[in-house]
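The chain contents come next:
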Amino acid sequence: MCGIVGYTGPQRAAPILVGGLRRLEYRGYDSAGLATVEEDRLILRKRAGRVRALEELVEEQPAPGGAGISHTRWATHGPASDRNAHPHLGGRGGEWRVAVVHNGVIENHSALRRELESQGFAFASQTDTEVIAHLIARELESTTDLFEAVRRILQRLEGTYGLGVVAPEHPGEIIGARFGSPLVVGLGEGEHFLASDPVAIAPHTARVAYLQDGEVVRLTPDHFEMRHLEHGPITPRIDRLDWKPDAVELGGHAHYMIKEIFEQPETVVDACRGRLRRGEATAVFGGLNLTDRQLRRIRRIVFAACGTSWHAALVGEYLIERLAHLPVEVEYASEFRYRNAPMDDRTLVFVLSQSGETADTLGALREARRRGHLTLAIVNTVGSSIARESEGGIYLHAGPEVGVASTKAFSAQVAVLAMLALYLGRLRHLSFPDGLAVVEAIDSAPALIGEALQSEPEVERAADRIAGVRNALYLGRDIHFPVALEGALKLKEISYIHAEGYPTAEMKHGPIALVDRETPCIFVAPRGSLHAKTLSNVEEVRARHGMVLAVGTRGDSTLAERADIFLPIPEAPEVIQPLLAVVPLQLLAYHVALRRGCDIDKPRNLAKSVTVE
Ligand code: M6R
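Since the structure is predicted, the reported quantities are computational estimates derived from the model, not experimental observations.

## Here we look at the packing of helix α7 (residues 264-272) against helix α14 (residues 432-453)
Then comes step 1: Contact geometry of α7 with α14 gives a least axis separation of 8 Å together with a crossing angle of 170°. With respect to their mutual orientation, α7 and α14 come out roughly antiparallel. On the side of α7, the interface is formed by Gln264, Pro265, Val268, Val269 and Cys272, while α14 contributes Ile442, Ala445, Pro446, Ile449, Gly450 and Leu453.

Written as structure tokens, this is what we have:
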């Protein structure tokens, strides 16, 4: 949550900072601000509201200077206001010695604030961040080295931080520091960038160095150096972003969400690339770091995740039970990390995360490792905290996902889980022909997702019908139950319509009381093993004059005749049906939100990656 961008080099910093913030706005969008340094002058511009408001301010009151830091905020301490917007300034008696942007939470900020107030530091905001600025300013009274001043005060902070710091007495210099909140350096020609997410700087450079916890970096246009707080100087590892050039651009789409929905055929191709082995009827993964013998010893799998990743894990549970006959439990990461869940040494833990920075999922990973369990990650963001701290895992290769509502990451996760189920199955009892059928099914998924996307016109008509409703029920059985949950999450997070997902048959144990003409019941019901039972559940809703929307197999006239609105997807083997059935639900949420005038890529109160507990 929140985004940081910094720049030092020969260009004007402000336009680069604002451009970076625009790409990061999905991480928080309550307020935005920047500070630049020109010669020995500190220039501050900040405003509550979107990055656009900051841009207007900078147009009215330019911020010259070739070095600067900037921030887009998701409020934790103090509401969104001009005062609480970052950067925050540090100094005494109106002499501003430093400007700071911060992601994370400083837990001991109250005690630090009292200490600083007693020494004459006046506070202008309600944020926890302002203490950092004053602490650095105080150090700068006794050292002329900005890097050293930051290094010293970090020892006083309890909590998490990703920091960017500039000071008027140190033009051209930016200090960054990381503990629990991501930070990356971008390396250009005679210029350097700092960001909380490489998305912000990707158009400028593909060469990056990720900071690890406890590391501090000093950037000037020509030089950068890194130190670990305890271990001293370090040689940074330089990575390359292998994103497609248009990965973080809208490319003619109105929103990132719809762009990413339509990218899904390609996403699944990328997730599967090089991993399916037709000759052995299995899948292979380069980074699991476990031998087949070790994997055969596993007796149980635990998945820990949040939100959409949790829904994908539920699909994985059905697939692994079906193909590999292994018991699987899916846990909310936020619950798992604090429970006394009994687990033995033959339990394998997987955490799933698109961002790789979700605080609860990272907490679950650390707790599982602390208890001595083998802990792997299924993660999208290369170099993220979760990717680095796990013992191995599987990358999704979905490219950057910018829309706050996760779509293509879900598909990549489901594709990876289907391959994992196949692999684990083939290590056990799954026969060659059955394995080959799964390989062929997964192979066919991208083209079939492409066909499912063609249902957009029907979905738009459905959106016209339901855009005004207050509640919606999503219902699915077996492998489609998690798809129902995912459909409900998509609708509620971007259109603010109350929506719940249930296993279809569970409806009559309570939720059916909500059924009336105004509450759509959205059945996820492609043809499959439990289809006949689902048809009976549809009848139960019809008997109560409920409105039925059904996602079903094209040509399924029995279902279509019973539905007020029928959303067809292509015929497909059951193992890949979730990849197809989710498509009309994603499109439905999008088009409903559009009709309700919602801010689709920046839904109310949300942020893309949830880096606080
Ligand atoms: O980055 P992660 O996959 O760890 O994120 C987990 C959830 O925060 C995320 O899926 C969230 O629920 C999305 N807004 C769903 O669209």
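## A few points about the environment of Ala415
Then comes step 1: On the secondary structure map, Ala415 appears in helix α13 (residues 408-426).
Then comes step 2: By relative accessible area, which is 1% here, Ala415 ends up buried.
Then comes step 3: Considering only alpha carbons, one finds Ala415 and Thr267, 148 residues apart in sequence, at a separation of 9.3 Å.
Then comes step 4: Setting aside anything within four residues of it in sequence, one finds Ala415 in contact with Val268, Ala271, Cys272 and Leu579.

## Some words on the domain arrangement of the chain
Reports of interface size often rely on the accessible area that becomes lost once the parts have come together.
Then comes step 1: Taken as a whole, the chain is organised into domain 1 (3-240), domain 2 (246-452) and domain 3 (454-613).
Then comes step 2: Domain 1 and domain 3 are separated by 43 Å when their C-alpha centres are compared.
Then comes step 3: Between domain 1 and domain 3 we count one salt bridge in total.
Then comes step 4: Put simply, Arg50 and Asp599 hold a salt bridge, and the shortest N to O gap is 2.3 Å.
Then comes step 5: Applying the counting rule to domain 1 against domain 3 returns one residue pair in polar contact (both at pLDDT 80 or more).
Then comes step 6: For the side of domain 1 that touches domain 3, the residue count by class is four nonpolar, two polar and three charged.

## Examining helix α2 (residues 51-60)
Then comes step 1: Restricting attention to buried positions, one finds in α2 the residues Val51, Ala53, Leu54, Glu55, Leu57 and Val58.
Then comes step 2: Its buried side turned inward, α2 meets α1 (13-24), β2 (31-38), β3 (41-48) and β4 (67-73).

## Things to note about the site of the ligand
Then comes step 1: As a structural note, the neighbourhood of the ligand is formed by 15 residues, with Ser309, Ser353, Ser355, Thr358 and Glu493 the closest of them.
Then comes step 2: Between an oxygen atom of the ligand and a side-chain N or O atom of Ser309, the distance comes to 2.6 Å.
Then comes step 3: A distance of 2.4 Å separates an oxygen atom of the ligand from a polar atom in the side chain of Glu493.
Then comes step 4: Protein contact buries 90% of the 410 Å² of open area that the ligand shows by itself.
Then comes step 5: Assessed atom by atom at 2 Å from the grid points, the ligand resides in the second largest pocket.
Then comes step 6: A breakdown of the residues in the shell around the ligand according to their chemical character gives five nonpolar, eight polar and two charged.
Then comes step 7: Counting contributing residues per domain, the shell around the ligand is built from domain 2 (246-452) and domain 3 (454-613), each supplying no fewer than three.

## Description of the packing of α1 against α2
Then comes step 1: Two elements in contact, α1 and α2, have axes separated by 10 Å at closest approach and are oriented at 165°. Relative to α2, α1 is oriented roughly antiparallel. α2 is crossed by α1, and the crossing has left-handed handedness. Contact residues: Ala14, Val18, Leu21 and Arg22 in α1; Val51, Leu54, Glu55 and Val58 in α2.
Then comes step 2: By residue class, the composition of the contact of α1 with α2 is six nonpolar, no polar and two charged.

## Topic: the layout of surface pockets
Then comes step 1: Taken as a whole, the second largest pocket spans an internal volume of roughly 660 Å³.
Then comes step 2: Along the wall of the second largest pocket there are 31 residues; nearest its centre are Cys306, Gly307, Thr308, Ser309 and Leu489.
Then comes step 3: Only α9 (307-324), β20 (347-353), α11 (359-370), α13, α16 (481-495) and β24 (498-503) provide two or more residues apiece to the lining of the second largest pocket.
Then comes step 4: The class makeup of the residues in the lining of the second largest pocket is 12 nonpolar, 14 polar and five charged.

## Observations regarding the pattern of salt bridges
Then comes step 1: For the coordinates displayed, the defined rule picks out 42 salt bridges.
Then comes step 2: For Asp464, the salt bridge goes to Arg595, with nearest N and O atoms at 2.5 Å. Residue Asp464 is located in helix α15 (residues 456-466), and its partner Arg595 is located in helix α19 (residues 577-595); the two are separated by 131 residues in the primary sequence.
Then comes step 3: Note that Arg542 is salt-bridged to Glu539, the shortest N-O span being 3.3 Å. Note that Arg542 and Glu539 are positioned in helix α17 (residues 531-542) at a spacing of three residues, about one turn of the helix.
Then comes step 4: For Arg542, a relative accessible area of 37% puts it in the partly exposed group.

Conventions we followed
- Residues numbered from 1 in each chain as written.
- Predicted model: local features only at pLDDT ≥ 70, side-chain atom pairs only at ≥ 80, totals over all residues.
- Heavy atoms only, no water.
- Axes fitted to C-alpha atoms, helices over the stretch in contact; angles between N-to-C directions.
- Helix = DSSP H or I, 4+ residues; strand = E, 2+ residues; numbered from the N terminus.
- Parallel < 35°, antiparallel > 145°, perpendicular 65-115°, else oblique.
- Contact = heavy atoms within 4.5 Å.
- Buried < 20%, exposed > 50% of the residue type's maximum accessible area, 1.4 Å probe, protein only.
- Domains from an automatic or database assignment.
- Salt bridge = Lys/Arg side-chain N within 4 Å of Asp/Glu carboxyl O.
- Polar contact = N/O pair within 3.5 Å; in protein donor to acceptor, adjacent residues only side chain to side chain.
- Nonpolar A, V, L, I, M, F, W, Y, C, P; charged D, E, K, R; others polar.
- Near = heavy atom within 4 Å.
- Areas by Shrake-Rupley, 256 points an atom, 1.4 Å probe, with all protein chains shown as cover.
- 1 Å grid on protein atoms, 1.4 Å probe; cavity = no way out; pocket = protein on both sides within 12 Å on 5 of 7 lines; lining within 4 Å.
- Sits in = over half its atoms within 2 Å of the grid points.
- Left-handed = near helix turned anticlockwise from the far one by under 90°.
- Points joined across faces, edges and corners; volume = space filled by probe spheres on them.

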